[in-house]
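Architecture at a glance
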Amino acid sequence: MRITLLAGGVGGARFLRGLRAAAPQAQITVIGNTGDDINLFGLHVCPDLDTVMYTLGGGISEEQGWGRADESYTVQSELTAYGAGPDWFTLGDRDFATHIVRTSMLSAGLPLSAVTGKLCERWRPGVTLLPMTDDDVQTHVLIDDDAGTRTVHFQEWWVRLHAKVPARAFIAAGAERSTPAPGVLQAIADADFILLPPSNPVVSIGVILAVPGIAEAVAARTVVGVSPVIGGAPVRGMADACLAAIGVRSTAAAVAAHYGPGLLNGWLVDTADAAATGAAELAGIAVRARPLYMTDIDAAAEIAAAAISLAQELAHD
Ligand code: GDP
Ligand code: CA
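Being a predicted model, the structure only gives us computed values, none of them experimental.

1. Describing the coordination of the calcium ion (ligand 2)
At this site the calcium ion (ligand 2) is bound by Asp36 (OD), Asp48 (OD) and Asp48 (OD), with donor distances of 2.0 to 2.6 Å. Of this pair, Asp36 sits in the loop between strand S2 (27-32) and strand S3 (38-40) while Asp48 sits in helix H2 (residues 47-57), and the two are 12 residues apart along the sequence. Each member of the pair Asp36 and Asp48 is classed as buried.

The following block contains the structure:
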C-alpha cells in the first residue's frame, strides 16, 4: 500500500506516528509544509519538517510537541547576552545543530529536498519526507497595528504576537513562482490514496496546496481528511485565528466545505460533530464520525486505520 500525505507540524506528526503503527507495511510519503521556514541567525529553520522528523525519529519533546527532548539553551542565552535577536523564537542547543547542518549543506549547493533526505538518514522516520518545494516560499500575514497595515513573517505573527493581532490575509510569498520538489508529484500520482492529517487547513495544508501543480494532482486522487477542529475549536493552537482570516468558521463541517468536494472525497469528524455527517453543505463528501483526539499513539493509530478504510472504500467506488 502506498499512502501520501500533506502535513504541517504537530497535528501532522502525531497522526503520522499513528499511521505508521496502523499500516507498518505501507510506503508512506509525507509532503511537508515549508511556508513556516524562517532564517534566524543566518540559519535555515524548518519547523514543520523538523517536527515530523523528530516525532517519527523519537527525538521530539513530548510535552511541547515540537523541538528536541532533553534540550538545553546555552547558545540562546549567549545570543541574548550579546543582545542578538530575535529572542521570541525558542531554539535549543540540540535543535541548533540540526539547523547548522542543514544550512551548511544548503550553502554547499544541495537543494532542501536532498538536505532533508540527509537529515533523515540519522532520524530514520520510517516515511519518505519531502519538502513541498525546494524554492523559497514564505507565509506572510497581513495585519493592522500601531505601525499601520503591514506584513509580518508567519512566525512573528504566530509566536511573537500569539496570533492575537487579527490577520487580514495570508500570503504564500513566492508560491506562484515555485515548483513542487522532486518526487512530490510522483508520490501523489503513485499513491493508492492521499490523506490529509489534522493539520492547519490554512497555513499548513493551504500553503502546500498553493504550490502550482500540487492541488490539481491531489484533486485527481482519492483524498480523505481528518478534522483538526472538534466541537467548534481547534484541538491545539490557534488555527481558529487563521480560519477567521479567510472567512471560514471553526467547525469541522466548514473546514471540509472549504476544501470542497473537488478536493476531498472523505472526511473524518469527531463524534461531537456527528451532525456534520448529514450536512447539506458537505454533499459529495463522505463524512464519518468517530473519536478524533490523538491522546496517545494507539488512539492516533485507530484514527489512521479509520482514514485508511474510508479511503479504500472510496477508492473502489
Ligand atoms: P503545526 O504546524 O505545528 O501548527 O501543526 P499542524 O498544522 O500539523 O497541526 C495543527 C492542528 O493540529 C491544529 O489545528 C490542531 O487542532 C490539530 N490537532 C492537534 N492535536 C489534535 C488531535 O488530537 N486531534 C485532532 N483531530 N486534531 C489535532
Ligand atoms: Ca507549522
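2. Quick look at empty space enclosed by the protein
Under the definition given, this model contains two cavities of 30 Å³ or more. Forming the walls of the largest cavity are Gln64, Trp66, Gly67, Arg68, Glu71, Tyr73, Thr90, Leu91, Gly92 and Asp95. Lining of the second largest cavity is provided by Val10, Ala13, Arg14, Arg17, Thr55, Ile60, Ser61, Glu62 and Gly65. Take the lining of the second largest cavity: its biggest share by element is four residues, from helix H1 (residues 10-22). In terms of residue class, the lining of the second largest cavity is made up of three nonpolar, three polar and three charged.

3. Description of the sheet that holds strand S1 (residues 2-7)
Strands sit in the order S5-S2-S1-S9-S10-S13-S14 across an open sheet of seven strands; the sheet is parallel. Two strands close off the open sheet at either side, each with one partner strand: strand S5 (128-131) and strand S14 (286-289). Across the sheet, the axes of successive neighbouring strands diverge by a mean angle of 20 degrees, strand direction being ignored. Bridge count between S1 and S2: six bridges; the pairing is parallel. By the bridge assignment, Ile3 is partnered in S2 with Ile28. Contacting S2 and S5, H2 crosses the sheet at an angle of about 175 degrees to S5. Packing against the sheet, helix H12 (residues 297-315) makes contact with S1, strand S9 (193-196), strand S10 (223-226), strand S13 (266-269) and S14, and its axis sits at approximately 155 degrees to S13.

Reading the values: rules and limits
- Residues numbered from 1 in each chain as written.
- Chains lettered and ligands numbered in written order.
- Predicted model: local features only at pLDDT ≥ 70, side-chain atom pairs only at ≥ 80, totals over all residues.
- Heavy atoms only, no water.
- Donors = N, O, S within 2.8 Å, 3.2 Å for Na, K, Ca; no water.
- Helix = DSSP H or I, 4+ residues; strand = E, 2+ residues; numbered from the N terminus.
- Buried < 20%, exposed > 50% of the residue type's maximum accessible area, 1.4 Å probe, protein only.
- 1 Å grid on protein atoms, 1.4 Å probe; cavity = no way out; pocket = protein on both sides within 12 Å on 5 of 7 lines; lining within 4 Å.
- Points joined across faces, edges and corners; volume = space filled by probe spheres on them.
- Nonpolar A, V, L, I, M, F, W, Y, C, P; charged D, E, K, R; others polar.
- Pairing = 2+ DSSP bridges.
- Axes fitted to C-alpha atoms, helices over the stretch in contact; angles between N-to-C directions.
- Contact = heavy atoms within 4.5 Å.

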